[in-house]
Amino acid sequence: MSTRLAKGGRLIDRTAAMDFHFNGKVMRGFAGDTLAAALLANDQMLMGRSFKYHRPRGVVGSGPEEPNALVNLGRGARLEPNQRATTTELFDGLEATSQNHWPSLEFDVGVVNNYAARFMPAGFYYKTFIHPRPFWKHVFEPVIRRAAGLGKAPTEGDADRYEQAYAFCDVLVVGGGVAGLLAAKAAADAGQRVILLEQTATLGGRTPVDEADIDGTPVDTWIAAIESDLRARDNVTIRTRTCGFGVYDHGYVLADERVADHTPGDGRPKHRLWRIRTAKIVTATGAIERPLSFAGNDIPGVMLASAVRDYVVNHAVSPGDRTVIATNNDSAYQTALALKAAGLEVPAILDARDTATGALPEAARAAGIRVLTGRGIAKVKGGKRVTGVAVCTQAGEGAVLEEITCEAVAMSGGWSPVVHLFSHCGGKVKWDDNLSAFIPDASRPPVNHDGSPMVSVVGAAAGCLSLANILAGLRDVSGKTAIRLPDVCQTPDGSVSIPPVWVMPQGAPIQLRSKMWLDYQNDVKVSDVQLASREGYQSVEHTKRYTTLGMATDQGKLSNINGLAVLADSLNEPIPQVGTTTFRPPYTPVTIGALAGESRGEIFQPLRRTPMHEWHEKSGAYFEPVGLWHRPYCFPRAGETHEQAVHREVLNTREKLGLLDASTLGKIIVKGPDAGRFLDMLYTGVMSTLPIGKCRYGLMCNEQGFLSDDGVVARLDEETFLCHTTSGGADRIHAWMEDWLQCEWWDWKVYTANVTEQYAQIAVVGPNARKLLETLGGMDVSKETLPFMQSADGTLGGFPARVYRISFSGELSYEIAVPASQGAAFWEACHKAGASLGAMPYGTEALHVMRAEKGFIMIGDETDGTVIPQDLNLDWAISKKKADYLGKRGQARTFLASPDRWKLVGFDTLDGSAIPDGAYIVADGTNGNGQRNVQGRVTSTYHSPTLKRGIAMGLLKHGPQRMGEVVEFNTIQGETVKARVRDTVFFDKDGEKQNV
Amino acid sequence: MLILTCPYCGIKADETELSPGYEAHLKRFGPDASPEEFEAYMFARKNPKGVHFERWRHAYGCGKWFLAARCTATLEVFGTYPAQVGEPPADIIDKIKARRPDWKGYK
Ligand SMILES: [Zn+2]
């Protein structure tokens, strides 16, 4: 049984008891507990199930490296899956459930996989489930989906809020252990602005658990003194519960502060994401202990030696009355001594080394603990928890020498320095034979913008595994208070040596190797990696993906080095030659909420509103997003569907008068002596010859020749043009213009200004359009004075206005621009003046229908980045005389000049229906993939209320030569729609309606 | 996230203030270009691991395009300069040569 000890526990407050629920069971812990510690104190050794075999899983670590003790935390709108019990601070009322079991944690049907394990080796997903094909869909996938998956996805929106903050400093120290504290003090003494981040709630790191004193001062006293010293300084900020999880370019660091994880619902943001820019980074991220690979090393009760020590010392939790230690280094002896000091039994220390003569082994012997060198664990006995171990010689093949009854096994396979942050942004690591670990390569650090080292590493993260080594390195030779920062990395002093022990016993046969877990969460064993290597996997990156080693939520913090060593051994190559996988941010998982911050709901992204937006809202407009704009799609009346509203708006505009808020239309002023010459390069047509006061439709292409934007250009005076762009294209086209002006034709005298938001623009459309303008009064808008494709400045109804006589509907139409500040008033004035003329507002969908009825193209419908103007029969808008324009050379390429291209035509369905959006025109035969051949596709398709039938435009191979031919469009249902090829102008072919 | 100093307004701009414009010092080829010239202009990008010249626009600042010389492998920045030049300025070339003695030159 694991239980709470009567005395001790440096982090817990026994006067503050807390009740919590695990799988519905009420349990009790103390303030200062982690959930894992509290579960162990309640004898809840079984905490989850593994991913593939659903093996029973108990906690193995005591920090962010934990692969097993993952829980669903909270419920409802505060449910979070995959929370590590080892880093979850206990709070009163905490609710957690175990994961990855079905139907229950204690009894799991998936455990059958366990017995089928020999049929599910590395790569089994690839090998097993491919054939027979139908089995995948109907048998394997449903079963796997049912049984697999870590954690439950929440179904409700997150009840909490998150925020983001920015911080700047000279030195950022990540890690608040002794090395980090000393580094922070060194930088602070030098007058630098310092931020110190510590992922746990308390400072000090491992030292308070592992050491008795620092320079004769009790460790906790020493930590408290340096902490209060640092906190008293103006140039130091300390943030606990904050994990610096990623190092990026030029001193950019992201950190996740768990502000209210332990006080849910108290009104504070749950997390705060820090975006820190620092001149220099010091990582003091410590080291993570490695498991040993012996048979049954995944049985609940087998834990890292350091974790056992943490639970005993920090939380006064006993893992069991009897704990056997298995190790290849001295540090695990500290666990034996800590257990002994707590009054618990250590039946034996099994040390894989031939000799153990250091101070700690001697202390263990002096404490009366049985130390067996050259020994290892042949096998752990037990099922859902440890019942004993079988002892063998490390050098042999696993013959059992004796069996020892115990409740827990504390193992130490050495230490892996946490080099993650050093290598996130390009720092290289090197293999250290003395430590059997990767340590930062001080000669190849990540660099800053000026090429100087960006990250320094101190303490255990640099491979300095002894406190003496850390203290000596961070203080000057006099040993006094002065502290110095290393240029790049602290260096290990060689006092700690860890021999490689990758498999225990070294000659273990397959029966044992297939029970040695490397990756607990993903169920990858020593035998799987060996199999992968036999099957030809030589690269660690490939092996990782094939076996899923290190690909679980812990990202291989415990398993990567052991797996790599096993692979290297199988390949008969030294470890550094096989390499290591790349470390990428984040160091620990970061919740999406923290990354999103406040960018959710209404402020997910900026919302652009036209000056008339409020009117639209009051009038019940149904909006659609157009870029960042919200535009009225239609203005439905009571009882109307959107479709009915659109049809009413179209018919009313065609018969009487429609008003459109066209303010989102891009408006770019191009001005200067070379403005005409510049626009001649940008547009496919000629703009320099445009007379003042006239308008001309233009097309813009990219250098590949593909159509990119279109719009009407008006010449305002000799040197000034106003270019209209599509609503979504204004910023892009303005940037495009500036690109060419600044980078290619920088000697041309041209200015541009994007004035889109400076003007409100209203389209007054329909047979009564002129009457409305005359009612407003102030300008002569007659056919004679203001003919089609001309513009004029003046005053309309008292508003300063620029009136363009242009039409995107085929109706008599004026587009009127007024200053944005007067847009809402002018819109109201138009409605007032138009009331007796039958004026109604219309939205974007009516606009689309009317332009399609007239065969006008729409960027984004008729174009998709692969269409040239010639495909759309727009040759009339392309100058043949101009020597050059953007896209001219591109359009001359053979493929684009081919007569076999799909070209724009119109379609009448034989049955009058509307062709489905996105439908292809089928052709005879099938392609190499067995798919039906196609010869074209629909680009715009609507029900025309004007013609009372479906209309469509689309691209068809040799289209214009195939008038009258009947073609077939496919539908999602697998049927086809027959349609006759025709021209693209469905309504008022001669333009009589607009020329009045 | 890179920091590049805008040579126009002098601001040390975060990458989020900038929009990328890919390889710098490309020569435009127009209507008379051969297929090979046009292909090189449109598609053949260097994408080196090492010294590279790029276009950046201070999009959420002064709006100006500028050019940057930097190392794509280490992210070291050798310098930024206005876009209105045909080739990299001599002082930047000198700096790159000093930092990367085996560099083969920008062409
Ligand atoms: Zn600038």
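Parameters at a glance
- Residues numbered from 1 in each chain as written.
- Chains lettered and ligands numbered in written order.
- Predicted model: local features only at pLDDT ≥ 70, side-chain atom pairs only at ≥ 80, totals over all residues.
- Helix = DSSP H or I, 4+ residues; strand = E, 2+ residues; numbered from the N terminus.
- Rg over C-alpha atoms; globule rule 2.2 N^0.38 Å.
- Buried ≥ 20, exposed ≤ 12 C-beta atoms within 10 Å, placed from the backbone.
- Contact = placed C-beta atoms within 7 Å.
- Axes fitted to C-alpha atoms, helices over the stretch in contact; angles between N-to-C directions.
- Parallel < 35°, antiparallel > 145°, perpendicular 65-115°, else oblique.
- Left-handed = near helix turned anticlockwise from the far one by under 90°.
- Pairing = 2+ DSSP bridges.
- Nonpolar A, V, L, I, M, F, W, Y, C, P; charged D, E, K, R; others polar.
- Core = buried A, V, L, I, M, F, W, Y, C linked by C-beta atoms within 7 Å.
- Expected span 1.5 Å × (residues − 1).
- pLDDT = per-residue confidence, 0-100.
- Arc of directions from axis to C-beta.

Draft legend 1. Here's a closer look at the overall build of chain B. Counting its secondary structure elements, chain B contains two helices and six strands. By the compact-globule yardstick of 13 Å for 107 residues, chain B fits well, its C-alpha radius of gyration being 14 Å. Along the first, second and third principal axes, the C-alpha atoms of chain B reach 40 × 35 × 25 Å. The buried share of chain B, reckoned over its 107 residues, is 28%. For chain B, contacts bridging at least 24 residues in sequence account for 47% of all contacts bridging at least 6.

Draft legend 2. Spatial organisation of the overall build of chain A. Counting its secondary structure elements, chain A contains 27 helices and 51 strands. Seen through its principal axes, chain A has C-alpha atoms that stretch 115 × 70 × 55 Å. Of all 996 residues assigned to chain A, the portion counted as buried reaches 52%. Put simply, 66% of the contacts in chain A that link residues at least 6 apart link residues at least 24 apart.

Draft legend 3. Summary view of the packing of helix H14 (residues 526–534) of chain A against helix H15 (residues 540–547) of chain A. Residue and element names in this part refer to chain A. Across the interface, H14 lies against H15 with an axial gap of 10 Å and an inter-helix angle of 125°. Between H14 and H15, the angle is such that the two are oblique. The chirality of how H14 crosses H15 is right-handed. Counted together, Asp528, Val529 and Ala532 of H14 and Thr543, Tyr546 and Thr547 of H15 form the full contact between these two elements.

Draft legend 4. Structural detail: the sheet that holds strand S3 (residues 25–31) of chain A. Residues and elements named next belong to chain A. Overall, mixed pairing links the five strands, which are arranged S3-S2-S8-S6-S7 in an open sheet. At either margin of the open sheet sits one strand with a lone partner, and together these are S3 and strand S7 (80–84). Direction aside, the axes of adjacent strands within the sheet are offset by 40° on average. In this sheet, strand S8 (residues 95–98) lies alongside strand S2 (residues 13–22) in parallel orientation, the contact comprising two bridges. Each bridged residue has a counterpart across the sheet, and for His21 the counterpart in S8 is Glu95.

Draft legend 5. A look at the interface of chain A and chain B. Every contact between the two is made by 21 residues of chain A and, on the other side, 21 residues of chain B. Among the elements that take part in the side of chain A that touches chain B, helix H22 (residues 730–743) of chain A stands out by supplying four residues, more than any other. Among the residues making up the side of chain A that touches chain B, the classes are represented as six nonpolar, six polar and nine charged.

Draft legend 6. Fine view of the nonpolar core. All names here are of chain A. Ranked by size, the top nonpolar core spans 193 residues in total, and within it Val173, Ala183, Ala184, Val194, Ile325, Ile349 and Val409 carry the most contacts. The element best represented in this core is helix H5 (residues 178–189), accounting for nine residues. If we skip the residues at most four places from it in the chain, Ala184 touches Val173, Val194, Leu196, Leu230 and Val236. In terms of nonpolar packing, the next biggest core, distinct from the first, is built from 102 residues, Val765, Ile868, Trp902 and Ala979 among them.

Draft legend 7. Just the sheet that holds strand S38 (residues 707–717) of chain A, in detail. Residue and element names in this part refer to chain A. Strand order across the open sheet formed by five strands is S37-S38-S39-S36-S40, with antiparallel pairing between neighbours. Of all the strands in the sheet, the pair left with one neighbour each is strand S37 (695–701) and strand S40 (751–754). Across this sheet, the average inter-strand angle for adjacent strands is 25°, counted without regard to direction. Each of strand S36 (666–671), S37, S38 and strand S39 (720–725) is contacted by helix H21 (residues 675–682), which is oriented at about 130° to S36, the strand it contacts most. Along the sheet face, H22 touches S36, S37, S38, S39 and S40 and points at about 165° away from the line of S40.

Draft legend 8. How the structure looks around the packing of helix H8 (residues 305–315) of chain A against helix H9 (residues 331–341) of chain A. All names here are of chain A. With their axes 9 Å apart at the nearest point, H8 and H9 run at an angle of 30° to one another. Comparing their axes, H9 and H8 come out roughly parallel. In this structure, H8 meets H9 at a crossing whose hand is left-handed. Contact with H8, carried on its side by Ala305, Val308, Arg309, Val312 and Val313, involves Ser331, Ala332, Gln334, Thr335, Ala338 and Leu339 of H9 and no other residues of that element.

Draft legend 9. The arrangement of the pairing of strand S43 (residues 799–804) of chain A in detail. All names here are of chain A. Taken together, the six bridges between strand S42 (residues 791–796) and S43 define a ladder with antiparallel strand orientation. Residue Ser791 lies in a different strand from S43, and its bridge partner there is Tyr804. The antiparallel hairpin formed by S42 and S43 contains two residues in its connecting segment, where Gly797 sits at a positive phi of about 55°. Note that S43 and strand S44 (residues 813–819) share three bridges and pair antiparallel. Of the residues in S44, the one forming a bridge with Arg802 is Ala817.

Draft legend 10. Region of the structure containing helix H16 (residues 560–571) of chain A. All names here are of chain A. Between its terminal C-alpha atoms H16 stretches 16 Å, which fits the 16 Å expected from 12 residues at 1.5 Å a residue. When you tally the buried positions in H16, you get 10 out of 12 residues, the bulk of the element. Within the span of H16, buried status applies to Asn560, Ile561, Asn562, Gly563, Leu564, Ala565, Val566, Leu567, Ala568 and Asp569. Looking at the buried residues of H16, the elements they touch are strand S27 (415–417), strand S29 (437–440), strand S31 (517–519), H14, H15 and helix H17 (575–578). Remark: Asn572 follows H16 within two positions and exhibits a positive phi of approximately 60°.

Draft legend 11. Quick look at the confidence of the model for chain B. Of all residues in chain B, 100% attain a pLDDT of 70 or more, and the chain-wide mean is 95. Among the scores for the predicted complex, ipTM is 0.97 and pTM is 0.91.

Draft legend 12. Quick peek at helix H24 (residues 823–834) of chain A. Residue and element names in this part refer to chain A. Along its 12 residues, H24 runs 16 Å from first to last C-alpha, staying within 8% of the 16 Å computed at 1.5 Å per residue. Gly823, Phe826, Trp827, Ala829, Cys830, Ala833 and Gly834 are the residues of H24 that are buried. One face of H24 carries all of its buried residues, which in axial projection span an arc of 160°.

Draft legend 13. Expanded view of the pairing of S36 of chain A. All names here are of chain A. Judged from the six bridges that link them, S36 and S39 form a sheet pairing that is antiparallel. When the bridges of S39 are listed, Lys667 appears paired with His724. When S36 meets S40, the two strands line up antiparallel, connected through four bridges. Residue pairing in the sheet places Ile669 in a bridge with Ala753 of S40.

Draft legend 14. Examining the environment of Gly10 of chain B more closely. In this structure, Gly10 of chain B sits in the loop between strand S1 (3–5) and strand S2 (12–14). Residue Gly10 of chain B is classed as exposed on the basis of its C-beta count, with 9 C-beta atoms lying within 10 Å.

Draft legend 15. Representation of unusual backbone geometry within the structure. All names here are of chain A. With omega at -5°, the peptide bond leading from Met504 into Pro505 counts as cis. Here the residue pair Pro585 and Pro586 is connected by a cis peptide bond, since its omega of -5° sits within 30 degrees of zero. In this structure, Pro586 sits in the loop between H17 and helix H18 (592–596). Residue Asp215 is not a glycine yet carries a positive backbone phi of 50°.

Draft legend 16. Expanded view of the confidence of the model for chain A. The predicted model of chain A averages 93 in pLDDT, with 94% of residues at 70 or higher. Counting interchain partners and residues more than four positions distant, the pLDDT-below-50 stretch residues 477–482 of chain A has two contacts.

Draft legend 17. Focus on the environment of Ser782 of chain A. Structurally, the position occupied by Ser782 of chain A is in the loop between helix H23 (769–776) and S42. In this structure the C-alpha to C-alpha distance between Ser782 of chain A and Arg770 of chain A, which are 12 residues apart in sequence, comes to 7.5 Å.

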